[in-house]
Amino acid sequence: QDKVTQLREQGASDDEVYRLRAQTFNPEAAARLAEVDREEAAWKNRITQYQAARQQILQSGDSPAQQQAALQQLQIKQFSAQERPRLTAYEGP
């Protein structure tokens, strides 16, 4: 993982990371790790979108009850029931 982090900091492509992993482990493991990387990137993108929408709701001027209802709808729309408990870690104060 340290080598992958170093490569990414140096601007390595996904293909270069795959080749390193394939040499270190095997092609199947490298492919699985690449899938994990894609899933993590997708999660981070969804969190970024959620945080922006959440901020808009909180700055809307609506009543606290309306904001809470809007936040709940946003969470239901964008995340599964299993994912929603993780959101508190990304919400901040």
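Please read all numbers here as calculations on a predicted model, not as lab measurements.

**Focus on the overall build of the chain**
Along the chain, the regular secondary structure elements total five helices and zero strands. N-terminal to C-terminal, the α/β element order of the chain is α-α-α-α-α. Dimensions of the chain, computed from the C-alpha atoms along their principal axes, are close to 55 × 25 × 20 Å. Taking contacts inside the chain between residues at least 6 apart in sequence as the whole, the part at least 24 apart equals 37%. A total of about 6900 Å² of accessible surface is found on the chain, and carbon and sulfur atoms cover 50% of it. Distance between charge centres in the chain, computed from 12 positive and 13 negative side chains, equals 3 Å.

**Thoughts on the pattern of salt bridges**
Once their charged atoms are close, side chains differing in charge can pair, the charge on each being opposite to the other. Summed over the entire model, instances satisfying the criterion amount to seven salt bridges. Here Asp 37 ties to Arg 8 by a salt bridge, and the two come within 2.8 Å at their closest N and O atoms. With Asp 37 in helix 3 (residues 27-58) and Arg 8 in helix 1 (residues 2-9), this pair connects stretches of sequence that are 29 residues apart. Owing to a relative accessible area of 26%, Asp 37 belongs among the partly exposed residues under this scheme.

**Focus on the confidence of the model for the chain**
Close reading of the predicted structure is inappropriate where its pLDDT is low. Considering every residue of the chain, the mean pLDDT works out to 94; 99% of them sit at 70 or more. Per-element averaging of pLDDT across the chain places helix 5 (residues 88-91) at the bottom with 87 and helix 4 (residues 64-78) at the top with 97.

**Quick word on the packing of aromatic side chains**
Applying the stated criterion across every chain yields a total of three aromatic pairs. When the ring of Trp 43 is compared with that of Phe 79, the centres are 5.5 Å apart and the planes differ by 70°; the resulting orientation is edge-to-face. Of this pair, Trp 43 sits in helix 3 while Phe 79 sits in the loop between helix 4 and helix 5, and the two are 36 residues apart along the sequence. By relative accessible area, Trp 43 is classed as buried at 5%. A ring pair is formed by Trp 43 and Tyr 90, whose centres lie 6.0 Å apart and whose planes are at 70°; its orientation type is edge-to-face. Of the two residues, Trp 43 is situated in helix 3 and Tyr 90 in helix 5; the sequence distance between them amounts to 47 residues. You can call Tyr 90 partly exposed: its relative accessible area is 32%. Every member of this aromatic cluster is reached through a ring pair, and the members are Trp 43, Tyr 50, Phe 79 and Tyr 90.

**Some words on the environment of Ala 65**
Relative to the assigned elements, Ala 65 resides in helix 4. Between the C-alpha atom of Ala 65 and that of Asp 2, which follows or precedes it by 63 residues, the distance is 46 Å.

**Some remarks on the nonpolar core**
Trp 43, Ile 47, Tyr 50, Ala 53, Ile 57, Leu 71, Leu 74, Phe 79 and Leu 87 together form the largest nonpolar core, which totals nine residues. When contributions to this core are tallied by element, the ones reaching two or more residues are helix 3 and helix 4. Per-element tally for this core: the top contributor is helix 3, with five residues. Non-local contacts of Phe 79, meaning those with residues more than four positions away in its chain, are made with Trp 43, Arg 46, Ile 47, Tyr 50, Arg 84 and Leu 87.

Rules of the game
Residues numbered from 1 in each chain as written. Predicted model: local features only at pLDDT ≥ 70, side-chain atom pairs only at ≥ 80, totals over all residues. Heavy atoms only, no water. Helix = DSSP H or I, 4+ residues; strand = E, 2+ residues; numbered from the N terminus. Contact = heavy atoms within 4.5 Å. Areas by Shrake-Rupley, 256 points an atom, 1.4 Å probe, with all protein chains shown as cover. Lys, Arg positive; Asp, Glu negative; His and termini not counted. Charge placed at Lys NZ, Arg CZ, Asp CG, Glu CD. Salt bridge = Lys/Arg side-chain N within 4 Å of Asp/Glu carboxyl O. Buried < 20%, exposed > 50% of the residue type's maximum accessible area, 1.4 Å probe, protein only. pLDDT = per-residue confidence, 0-100. Phe/Tyr/Trp six-rings, centres within 6.5 Å; stacked < 30°, edge-to-face > 60°. Core = buried A, V, L, I, M, F, W, Y, C linked by side-chain atoms within 4.5 Å.

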